[in-house]
Structures are given as structure tokens and as C-alpha cells.
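Descriptive structure summary
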Amino acid sequence: MLDTLTIRTQQTTASRLTHLDPERLEFGKTFSDHMFVVDYRDGEWQDAQILPYGDISVSPANSALHYGQAIFEGMKAYKNSNGEISLFRPYDNLRRLNASAERMCMPLVPEELFMQGLSQLIRLDSAWVPDSPGSALYIRPYMFATDGFIGVRPSDTYKLVIFTCPVGLYYNKPLRVRFEERYVRSAEGGAGYAKNAGNYGAAMYPTKLAQSEGYNQLIWTDASEHRYVEESGTMNAIFVIDGKVITPALSTSILDGVTRRSVLQLARDWGMTVEERKVSAVELMQALADGRLEEAFGVGTAATIAPIAVIGYQGHDHELPAPKPDSFSSRASAALHAIRTRQTPDTHGWMVAV
Ligand code: COI
């Protein structure tokens, strides 16, 4: 543990904020002025700092680069109409970061260190939190091994970094997706439930193939039979069939998404039936053919709620009905926005002021 939570802060002398065009926020391209950095060595987190955003140097033998001991989180901060800033469910992200850390043999991050680093960083860069509709400050905490050693074993040293970027919508139109029936994102017993870098790197090739066929993303299916839905691209997948909200049950191959959990909670709050269970491609295609598949959408921090317009299955594309203003995904999206910008009461205590 840190002896003290004093975070040494070195402020930038050349803010880039004046170059920011809040009307043109592209996901992941513009980074706020500062970053939080803390090192783990000799069995403890030490030397917490807030520094100007900039390059980090690592050994060419850095074990994260060779063997993939690297994990991350995605979370968001929002500004309300009074200019106050709140984080959405940050403790859920910390819990998941630590679950990923455990799976990847990395040290746990103490709550006080994470929350202090995060809050001080966001307070310092508060002018970077956008407030235009659909925008937010995306927060990227990540941890990686820093030993310069190429023997295969967990590193003794690590770095935790948090940086932020003002973002707009991740997807600006409904998605075309197709079932993936050859490649696998993760198998039961693997590390699919963890947010480790390798899960995303390994997904790029099959995703690239689908994109070359005109799809935006894949619907990942289970590793043993390719029958059951796992996730959609980098998001969890949710369906509305016959008025019921249905989503794949969590497993060791599915990420426990914070947006997934929030959307399911809203459905329960609104008295809808929620089923967390296996969902097969055959069931979905049958429900679509019968007109019972009312909605399909991806949920994730970056994208929030991304409606699916087309599902490709066994060489054929199937169109879904366009979401209506009173459809579940539209209402859930509006409700989340209202909670995050403090326009409606936060009855679940999801928002944490910085
Ligand atoms: C997120 O939604 O935060 C994600 O992790 C997706 C990201 C890889 C863009």
C-alpha cells in the first residue's frame, strides 16, 4: 500500500484544450492534458503522480509486450447542466479491473489509490469533460507488466496509468453484424471475462474479415459448437423477444459489462421479464422470421447502446425492425443519459461526484 496518498502533480505548461472542437469528438483520438501514473515494485504501489499526458518508455524486453500481461478498463464521466462532474459506476470498473488483474497474475489496485488518482485527474482536467448531447469523458485505466525480462513468468513490477479522452458517439448508425462460426473470441475456462489486451488483439483478424464483407462487427458464438451468442463485437449483446429482455448468461468467456448490468437493472425496474441464459443463433433467426425478435443491440461503455439493423447468418442478411422512440433500447438509452447528466434521480446510487 502507499504510505500516503499524496499524488505529486506536475501540471502542463502547454494545455491543448484550445485545439479541441467539442462538435467533432472522434472516439479515442484526442487525449486530455494529464495522466495518472503509479508504479508497483517491491510488493507495493508507490510514486503516484499526475503528469502531462505523454509517452512512457519501456524496456525492449518488456514482458507485457512479449507475453501480454496487460489489462484495461473503459469508464465515463459526465457533466450536468450545472457543470458538475460525476463518474458512472466507478466501483464496478475497479472490481472488474481487479478480477482481470487476478486472472492475469497482476497486483490488485486498492480502492483509495484508484479513486483518488481518478478523481484528482478528472478535477484537474475538468474543462475537458464535454457536455454536448451524446458526449462524455471516456476514461481508460490500464495496467501492464514492466519487468525487462523475457522468461515466461508473472512480472515483479507493473505500471497503472489512467488517461482520459473527450468522446462523442462511438457508432453513428445502426450496426450490420454477422454470426462468427469459425473463429472464437474466448472459450470457457479462458480469459474472456477479463479485460485483458490479448482478447482484443485476437479478435481483430476475424473482425477485419467481417468488415471486408461489409459488416461493422461480429456476433461471437461459443467456442465448442458455435451455436450460442457470446458477445457482439466489443460489447455485450441484448435481445428483446416477445417483450422479454434476453441476454447470454455470464460465464468465463463473457465480459461482465457495466452497461449490460445497468440496462438489465432498468428493465427489471420497469417490470420487464429479464432472462440471462443461453441464446442460440437458431432461436434468434426463428424469432426474427416469426416477427417476434423486436430488438437486438450491443451494450458497452464506449458505445452505450448500439442498435443492430442487420444480422448475417449462414450467408444471408436479415433485417431487423428500426428502433422506435418507445422501444426498450431507446428508452434505456434515454434513461441512462438522464441519470448520468443528473436530470432524473439516481435511485441505484450509480453516480459518484468527483
Ligand atoms: C468499452 O466499451 O469501454 C470497451 O472496452 C470497448 C473498447 C475496446 C473500445
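Treat the numbers as computed from the prediction; the structure is a model and nothing was measured.

1. Remarks on the overall build of the protein chain
When you go through the protein chain residue by residue, the secondary structure sums to seven helices and 18 strands. Relative to a compact globule of 354 residues, whose C-alpha radius of gyration would be 20 Å, the protein chain shows 21 Å and is just as compact. Its C-alpha atoms give the protein chain principal-axis dimensions of about 60 × 50 × 35 Å. Taken across its 354 residues, the protein chain has 42% of its residues classed as buried. Partitioning the contacts of the protein chain with sequence separation of at least 6, the portion at a separation of at least 24 is 71%.

2. Looking at the site of the ligand
Taken together, Gly 74, Tyr 200, Thr 234, Gly 300, Thr 301 and Ala 302 make up the full set of residues near the ligand. Classifying every residue of the shell around the ligand gives two nonpolar, four polar and no charged.

3. Notes on the UniProt feature "modified residue: N6-(pyridoxal phosphate)lysine" (unreviewed entry) in the protein chain
Here, the residues flagged by UniProt with the feature "modified residue: N6-(pyridoxal phosphate)lysine" (unreviewed entry) are Lys 195. Residues contacting Lys 195, with those up to four places away along its chain left out, are Ile 71, Phe 72, Glu 73, Arg 96, Ser 100 and Leu 255.

4. Focus on the domain arrangement of the protein chain
Each assigned domain of the protein chain is listed with its residue range as follows: domain 1 (8-167) and domain 2 (175-340). Inter-centroid distance (C-alpha atoms) of domain 1 to domain 2 is 27 Å. Contacts between domain 1 and domain 2 engage 20 residues on the former and 11 residues on the latter. Mapped onto the side of domain 1 that touches domain 2, the elements with two or more residues apiece are strand E4 (70-72), strand E5 (75-79) and helix H2 (90-103). When residues in the side of domain 1 that touches domain 2 are grouped by element, the largest group, six residues, is from H2. Grouping the constituent residues of the side of domain 1 that touches domain 2 by class yields 10 nonpolar, four polar and six charged.

5. What about the environment of Pro 110?
In this fold, Pro 110 is placed in the loop between H2 and helix H3 (111-124). Overall, Pro 110 belongs to the partly exposed group, with 16 C-beta atoms counted inside 10 Å. Distance from Pro 110 to Lys 173, taken between C-alpha atoms, is 39 Å for residues 63 residues apart in sequence.

6. Side note on unusual backbone geometry
Within the chain, Cys 105 stands out as a residue other than glycine whose phi angle is a positive 60 degrees. Mapping Cys 105 onto the fold places it in the loop between H2 and H3. One non-glycine residue with positive phi stands out, namely Asp 242, at about 50 degrees. Along the chain, Asp 242 falls in the loop between strand E12 (236-241) and strand E13 (244-247). The exposed category is assigned to Asp 242, around which 11 C-beta atoms lie within 10 Å.

7. Focus on the pairing of strand E15 (residues 293-300)
Most of E15 is tucked away: eight of the eight residues are buried. Sheet topology note: the E12/E15 ladder contains six bridges and is antiparallel. The residue of E15 that forms the bridge with Phe 239 is Ala 296. For E15 and strand E16 (residues 304-313), the ladder comprises four bridges, and the chain directions are antiparallel.

8. Some details on the nonpolar core
Ranked by internal contacts, the top residues of the largest apolar core, which has 82 residues, are Phe 36, Ile 71, Ala 77, Leu 137 and Phe 239. Looking at this core, the element that brings in the most residues is strand E7 (residues 136-145), giving seven residues. Shared between two domains, this core holds at least three residues of each, these being domain 1 (8-167) and domain 2 (175-340). Sequence-distant contacts of Phe 36, defined by excluding residues within four places in its chain, comprise Ile 50, Gly 117, Leu 118, Leu 121, Val 161 and Ile 162.

Procedures and definitions
- Residues numbered from 1 in each chain as written.
- Predicted model: local features only at pLDDT ≥ 70, side-chain atom pairs only at ≥ 80, totals over all residues.
- Helix = DSSP H or I, 4+ residues; strand = E, 2+ residues; numbered from the N terminus.
- Rg over C-alpha atoms; globule rule 2.2 N^0.38 Å.
- Buried ≥ 20, exposed ≤ 12 C-beta atoms within 10 Å, placed from the backbone.
- Contact = placed C-beta atoms within 7 Å.
- Near = placed C-beta within 6 Å.
- Nonpolar A, V, L, I, M, F, W, Y, C, P; charged D, E, K, R; others polar.
- UniProt positions renumbered as here; feature names shortened; annotations may be inferred.
- Domains from an automatic or database assignment.
- Pairing = 2+ DSSP bridges.
- Core = buried A, V, L, I, M, F, W, Y, C linked by C-beta atoms within 7 Å.

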